[in-house]
Amino acid sequence: DVKVTQSSRYLVKRTGEKVFLECVQDMDHENMFWYRQDPGLGLRLIYFSYDVKMKEKGDIPEGYSVSREKKERFSLILESASTNQTSMYLCASSLNGGGFKGTDTQYFGPGTRLTVL
Amino acid sequence: EDKVVQSPLSLVVHEGDTVTLNCSYEVTNFRSLLWYKQEKKAPTFLFMLTSSGIEKKSGRLSSILDKKELFSILNITATQTGDSAIYLCAVVGYGGATNKLIFGTGTLLAVQP
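Residues numbered from 1 in each chain as written. Chains lettered and ligands numbered in written order. Predicted model: local features only at pLDDT ≥ 70, side-chain atom pairs only at ≥ 80, totals over all residues. Heavy atoms only, no water.

### Section: the confidence of the model for chain A
Of all residues in chain A, 91% attain a pLDDT of 70 or more, and the chain-wide mean is 88. Confidence, read as mean pLDDT per element, is least for strand 6 (residues 54-57) of chain A in chain A (86) and greatest for strand 8 (residues 73-78) of chain A (97). (pLDDT = per-residue confidence, 0-100. Helix = DSSP H or I, 4+ residues; strand = E, 2+ residues; numbered from the N terminus.)

### Remarks on the nonpolar core
Counting 22 residues, the largest nonpolar core has B:Val4, B:Tyr25, B:Leu33, B:Trp35, B:Tyr87 and B:Leu109 as its most contacted members. Among the elements of the structure, strand 3 (19-26), strand 4 (30-38), strand 5 (44-49), strand 7 (61-66), strand 8 (71-76), strand 9 (85-94) and strand 11 (107-112) of chain B are those that each provide at least two residues to this core. A:Trp34, A:Ile60, A:Leu76 and A:Val116 belong to the second-largest nonpolar core, a separate cluster that totals 20 residues. (Core = buried A, V, L, I, M, F, W, Y, C linked by side-chain atoms within 4.5 Å. Buried < 20%, exposed > 50% of the residue type's maximum accessible area, 1.4 Å probe, protein only.)

### Remarks on the sheet that holds strand 3 (residues 19-25) of chain A
Residue and element names in this part refer to chain A. Strands sit in the order 1-3-8-7 across an open sheet of four strands; the sheet is antiparallel. Looking at which strands have only one partner, the edges of the open sheet turn out to be strand 1 (4-6) and strand 7 (65-70). Taking each pair of neighbouring strands and ignoring which way they run, the sheet shows an average axis angle of 20°. (Pairing = 2+ DSSP bridges. Axes fitted to C-alpha atoms, helices over the stretch in contact; angles between N-to-C directions.)

### Looking at the packing of aromatic side chains
Evaluation of the coordinates by the stated rule reveals ten aromatic pairs over all chains. Centroid distance A:Tyr35 to A:Phe108: 5.8 Å. Interplanar angle 40°. Geometry classified as tilted. Taken together, the positions of A:Tyr35 in strand 4 (residues 31-38) and A:Phe108 in strand 10 (residues 107-108) put the pair 73 residues apart, joining distant regions of the chain. Residue A:Tyr35 is classed as buried on the basis of its relative accessible area of 0%. Taken together, the ring pairs connect A:Phe33, A:Tyr35, A:Phe48, A:Phe108, B:Tyr36, B:Phe45 and B:Phe103 into an aromatic cluster. (Phe/Tyr/Trp six-rings, centres within 6.5 Å; stacked < 30°, edge-to-face > 60°.)

### Remarks on the state of the cysteines
For the structure on display, the rule yields two disulfides over all chains. Sulfur-sulfur distance for the disulfide between A:Cys23 and A:Cys91 comes to 1.8 Å. Between A:Cys23 and A:Cys91, the S-S dihedral sits near -75°, and the bridge is therefore left-handed. With A:Cys23 in strand 3 and A:Cys91 in strand 9 (residues 87-94), this residue pair connects regions lying 68 residues apart in the sequence. Each member of the pair, A:Cys23 together with A:Cys91, is buried. There is a disulfide in this structure between B:Cys23 and B:Cys89, and the S-S distance comes to 1.9 Å. On the sign convention where negative means left-handed, the S-S torsion of about -65° between B:Cys23 and B:Cys89 marks this disulfide as left-handed. Here B:Cys23, found in strand 3, pairs with B:Cys89, found in strand 9; they are 66 residues apart in sequence, far enough to count as distant. (Disulfide = S-S within 2.5 Å.)

### Remarks on the sheet that holds strand 3 of chain B
Residue and element names in this part refer to chain B. The strand order 1-3-8-7-6 describes an open sheet built from five strands, whose pairing is antiparallel. Strands with a single pairing partner mark the edges of an open sheet, and in this sheet they are strand 1 (3-7) and strand 6 (56-58). Taken over all neighbouring pairs, the strand axes of this sheet differ in orientation by 15° on average, direction set aside. Pairing analysis gives five bridges linking strand 1 to strand 3, with the strands arranged antiparallel. The residue bridging Ser 7 from the neighbouring strand is Asn 22, located in strand 3.

### Description of the side chain of A:His29
Relative to the assigned elements, A:His29 resides in the loop between strand 3 and strand 4. Within the structure, the side chain of A:His29 is placed 2.8 Å from the side chain of A:Ser93, a separation counted as a polar contact. (Polar contact = N/O pair within 3.5 Å; in protein donor to acceptor, adjacent residues only side chain to side chain.)

Structure (structure tokens):
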């Protein structure tokens, strides 16, 4: 079974703090994704990575950065957390890199509910 | 702009009822359409659809895709309380370097005993 884990289930931070969310997958997937999920807005893609050290902006990258130093690990960084970044953050991974190869199915981690006070 | 629209936004039914959830999309470079079920935690994969008119079935759940009219439906027959969840539709579009999923906002299904 594919396993995607996230470092924290719940996190409370203060405005202005730097926040790191970690995601690890154990199935040697090339693609990894960070989403945030908000009521009424669904899942929105923040950043994704299709290879080590490669990243691309999703739909809402502002206020976030990412790091992929190892294939199995994809980190989401909030440089200076703000209250509007309070949300559920979901990490996902999928098999194979770009183009029309591989599966489209993304496997999700359990999510991190971040509250910024 | 790519978009995926799900309807209804929410639905309350009684056990044993049959429900139909809808997903329409406008996505460039369409590759496939995925259905997910999300309970308290992360979404879990249900179906992937790539071809029109071919029904995918798993137990009481089934789904079909119409690529001409750009929509899909998810049917659940003989609903049970355990079917209560948010059902997410996502469309895969080719985004240059890799594929990207565009999610709908989901349909919240509540099945009452």
